[in-house]
Amino acid sequence: MNDQSAAAAPRPADGTAAGVRALRVESNVSLKPYNTFGLPAAAETLVRIASDADVRRVVDHPQYGRAPKFILGGGSNVVLTHDIRQVVLKIEVPGMRLVEERPDAWIVEAGAGESWHDVVAWTIAQGWPGLENLALIPGTVGAAPVQNIGAYGVELKDRFESLDAVDLVTGRSVTLRAGICAFGYRDSEFKHSLASRSVITRVRLRLPRPWQPVLGYLDLERRMHETGNTHPTPQQVFDWICAIRRAKLPDPATIGNAGSFFKNPVVTPEQCRDIIGRDPEIVHYNLPDGSIKLAAGWMIDACGWKGKSVGQAGVYERQALVLVNRGAAIGAEVMTLARAIQESVYGRFGIRLEPEPVVV
Ligand code: EPU
């Protein structure tokens, strides 16, 4: 159903010449195809956002302007436990381009609606490396800064230049640098004060020159050893990362999931000593600030959860940190399983695991 009323007041062009286009509104939309877990839920109202101007049209809209909003990217980091009454803004801003070629970096820009992996593959193909360790992470470009995606020693924040966002109260477009985004481990201001307040429309990435591969992760060291190749090209690192991820993480296109379900908990050296005393095998990493990150997947595995299920929600056989939809799971089953895992990990290690995806 198209809502033509929003086309009434033409807006200044924002470079997309979309000023006179109508807002694309749909009612009672199934969100099952729009969340990688494949959980059933519906949006009462869904608005497709292809530009900054579309966001401003929502802000100015007599009915939707003041209504609470839910921002949906690729749906790769949400657990939907019920229908959504808020106005769902489905972010579909397109585009990929090289903004600037500097002696020290390539700056590339991508629309928030682009697939993250497509952007990674495109930059590698263009000869602008730097994102290869972040290959195959499901989701969209706009979602990447929200949880500061990371893998194999690289986080979004390490390649971040700036982003454009539109304020959902004032309708104003702003460019935000890293300081304001407050990136942390799977965290940013977009999960806190800017949640449901700012719609990210474009992200700019800084790919440093000369390229320096990040190969410190055990899985990558193993590949170098196996292939005898200690000086891989960006394309080779990209291919290795894709192979490593395919071997241990389920493809959301065939098995619904939201990536790692819990964050790796960070503890003090005292807490860690206590846990190691009881479980000397526990996988842990020393962080630069003296604290210690524990491998949540190892702890869940040690509690015997790998391959277990609650209804149609299960723990992935090859990576205990990933919860999967065995076919017809509902959000409540996923959360029952998640709580049971939290309880058993707490019972054995005294650690409270925190879910990584947003639970709705
Ligand atoms: N482990 C087990 N059993 C398991 C799972 C893991 O013993 O069932 C052990 C592994 O053998 C390894 C350690 O735990 O020694 C850590 O496992 P892994 O290297 O697979 O990484 P992770 O800590 O489980 C994190 C990220 C992933 C990212 C990988 C690689 C988080 C929450 N997850 O997983 O990110 O791909 O490192 O960098 O930080 C995501 O966020 O969705 C995601 C997939």
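Just so it is clear, the structure is predicted and the values come from calculations on it, not from any experiment.

Our focus in this paragraph is the domain arrangement of the chain. The domain architecture assigned to the chain consists of domain 1 (2-91), domain 2 (96-208) and domain 3 (256-359). Measuring from the centre of the C-alpha atoms in domain 1 to the corresponding centre in domain 3 gives 34 Å. Together, the buried faces of domain 1 and domain 3 total about 1,100 Å²; carbon and sulfur atoms form 61% of this surface. In terms of surface lost to domain 3, no three residues of domain 1 exceed Phe37, Asn77 and Val79, which account for 56% of the buried area on that side. Counting the contacts that link domain 1 with domain 3 gives 0 salt bridges. Counting across the interface, domain 1 meets domain 3 through 5 residue pairs in polar contact (both at pLDDT 80 or more). When grouped by side-chain class, the residues that make up the side of domain 1 that touches domain 3 number 6 nonpolar, 5 polar and no charged.

Now for the side chain of Asp219. Looking at the element boundaries, Asp219 is found in helix α4 (residues 218-227). For Asp219, the side chain forms a polar contact with the side chain of Arg222, separated by 3.3 Å. Dropping the residues within four chain positions of it, Asp219 is found in contact with Tyr152, Ile244 and Lys248.

The antiparallel open sheet is built from 5 strands, whose spatial order is β6-β7-β12-β10-β11. In this open sheet, the two edge strands, each paired with only one partner strand, are β6 (96-101) and β11 (173-176). Going from strand to strand, the sheet's axes swing by 20° on average, the running direction of each strand aside. As paired strands, strand β10 (residues 160-167) and β11 are joined by 4 bridges and run antiparallel to one another. Each bridged residue has a counterpart across the sheet, and for Ala165 the counterpart in β11 is Val174.

What follows covers the confidence of the model for the chain. When pLDDT is averaged along the chain, the result is 93; 94% of the residues meet or exceed 70. Residue range residues 1-19 is modelled with pLDDT below 50. Its contacts to residues more than four positions away, or to other chains, number 32 contacts.

Once that is clear, we can look at the pattern of salt bridges. Scanning the entire structure with this criterion turns up 29 salt bridges. Arg177 serves as the salt-bridge partner of Glu161, at 3.6 Å between the closest nitrogen and oxygen. A residue pair is termed long-range when its members are at least 10 positions apart, and Glu161 in strand β10 and Arg177 in the loop between β11 and α3 (178-181) qualify at 16 residues. Classification of Glu161 by relative accessible area gives buried; the value is 12%. Arg348 is the partner of Asp279 in a salt bridge, and the nearest nitrogen-oxygen pair spans 2.5 Å. Taken as a pair, Asp279 in the loop between α6 (269-278) and β15 (284-286) and Arg348 in helix α8 (residues 331-349) lie far apart in primary sequence, 69 residues in all. Accessibility expressed as a relative area gives 11% for Asp279, which makes it buried. If you follow the salt bridges from partner to partner, you end up with Asp52, Arg97, Glu109, Asp164, Arg202 and Arg204 in one network.

Definitions and cut-offs
- Residues numbered from 1 in each chain as written.
- Predicted model: local features only at pLDDT ≥ 70, side-chain atom pairs only at ≥ 80, totals over all residues.
- Heavy atoms only, no water.
- Domains from an automatic or database assignment.
- Buried area = accessible area lost by both parts, 1.4 Å probe.
- Salt bridge = Lys/Arg side-chain N within 4 Å of Asp/Glu carboxyl O.
- Polar contact = N/O pair within 3.5 Å; in protein donor to acceptor, adjacent residues only side chain to side chain.
- Nonpolar A, V, L, I, M, F, W, Y, C, P; charged D, E, K, R; others polar.
- Helix = DSSP H or I, 4+ residues; strand = E, 2+ residues; numbered from the N terminus.
- Contact = heavy atoms within 4.5 Å.
- Pairing = 2+ DSSP bridges.
- Axes fitted to C-alpha atoms, helices over the stretch in contact; angles between N-to-C directions.
- pLDDT = per-residue confidence, 0-100.
- Buried < 20%, exposed > 50% of the residue type's maximum accessible area, 1.4 Å probe, protein only.

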